[in-house]
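Close look at the chain arrangement
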Amino acid sequence: MFELLLLSRLPIAETRVRRLVSRFLPVLETKLCLPRAAAECFTFIGVHAARPGGAATKWRDVAVRFTARRAAKLDDGRVVVMGDFNATPWSRIF
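A few points on the structure.

Rules of the game
Residues numbered from 1 in each chain as written. Predicted model: local features only at pLDDT ≥ 70, side-chain atom pairs only at ≥ 80, totals over all residues. Heavy atoms only, no water. Helix = DSSP H or I, 4+ residues; strand = E, 2+ residues; numbered from the N terminus. Buried < 20%, exposed > 50% of the residue type's maximum accessible area, 1.4 Å probe, protein only. Contact = heavy atoms within 4.5 Å. Lys, Arg positive; Asp, Glu negative; His and termini not counted. Charge placed at Lys NZ, Arg CZ, Asp CG, Glu CD. Salt bridge = Lys/Arg side-chain N within 4 Å of Asp/Glu carboxyl O. Polar contact = N/O pair within 3.5 Å; in protein donor to acceptor, adjacent residues only side chain to side chain. Core = buried A, V, L, I, M, F, W, Y, C linked by side-chain atoms within 4.5 Å. Pairing = 2+ DSSP bridges.

**Brief notes about the overall build of the protein chain**
Of the regular secondary structure elements, the protein chain holds 1 helix and 4 strands. If you list the helices and strands of the protein chain from N to C, you get β-β-β-α-β. The C-alpha extent of the protein chain, read off along each of the three principal axes, is 50 × 25 × 20 Å. Taking all 94 residues of the protein chain together, the buried fraction comes to 32%. Within the protein chain, contacts between residues at least 6 apart in sequence are counted, and of these 45% link residues at least 24 apart. Computed over 16 positive and 8 negative side-chain charges, the separation of the two mean positions in the protein chain equals 6 Å.

**Re the pattern of salt bridges**
With the rule as written, the count across this model stands at 4 salt bridges. Notably, a salt bridge pairs Asp61 with Arg60, separated by 2.9 Å at the nearest N-O pair. Note on Arg60: relative accessible area 5%, which makes it buried. Connected through salt bridges with shared partners, the residues Arg18, Glu29 and Arg70 form a single ionic network.

**Observations concerning unusual backbone geometry**
One non-glycine residue, Asn86, lies in the positive phi region at around 50 degrees. On the basis of relative accessibility, which here comes to 22%, the residue Asn86 falls in the partly exposed class.

**What about the side chain of Glu29?**
Counting through the fold element by element, Glu29 comes out in strand β2 (residues 26-34). Side-chain polar atoms of Glu29 contact the side chain of Arg70, separated by 2.9 Å. For Glu29, the residues in contact, after removing those within four places along its chain, are Glu14, Thr15, Arg16, Arg18, Thr43, Phe44, Ile45, Arg70 and Leu74.

**Structural notes on the nonpolar core**
Listed in full, the 10 residues of the largest apolar core are Val27, Ile45, Val47, Ala49, Ala63, Val64, Phe66, Ala71, Leu74 and Ile93. With 4 residues, helix α1 (residues 55-73) is the single largest residue contributor to this core. In contact with Val47, not counting residues within four places along its chain, are Leu4, Pro26, Val27, Ala63, Thr67, Met82, Gly83, Asp84 and Phe85.

**Description of the pairing of β2**
Within β2, 7 of the 9 residues are buried, which leaves the element mostly enclosed by the surrounding structure. Of the strand pairs in this sheet, strand β1 (residues 12-19) and β2 are connected by 7 bridges, and their pairing is antiparallel. Directly across from Glu14, in β2, lies its bridge partner Lys31.

Remember, this is a structural readout, not a statement about activity or role.
Okay, here's the thing in structure tokens:
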């Protein structure tokens, strides 16, 4: 239902899928590297959070908080976060 797909021209060095609150709400973490420069890598984090409303609001918030914490923990600071956060600028989680 909420699967993620990453199509990349860059080689994928490693990847992990985390399912925090439900098997339907993945967070994809992938390390991508430039073809001829192993030191030139970055992490891509993709998320498709639940839409707000009822219990799903809590699920969305868990996914967004996890994604933000994970991006902040990356040592080299080279990270791209993309996805459907299901949050508006006036929502608390944003």
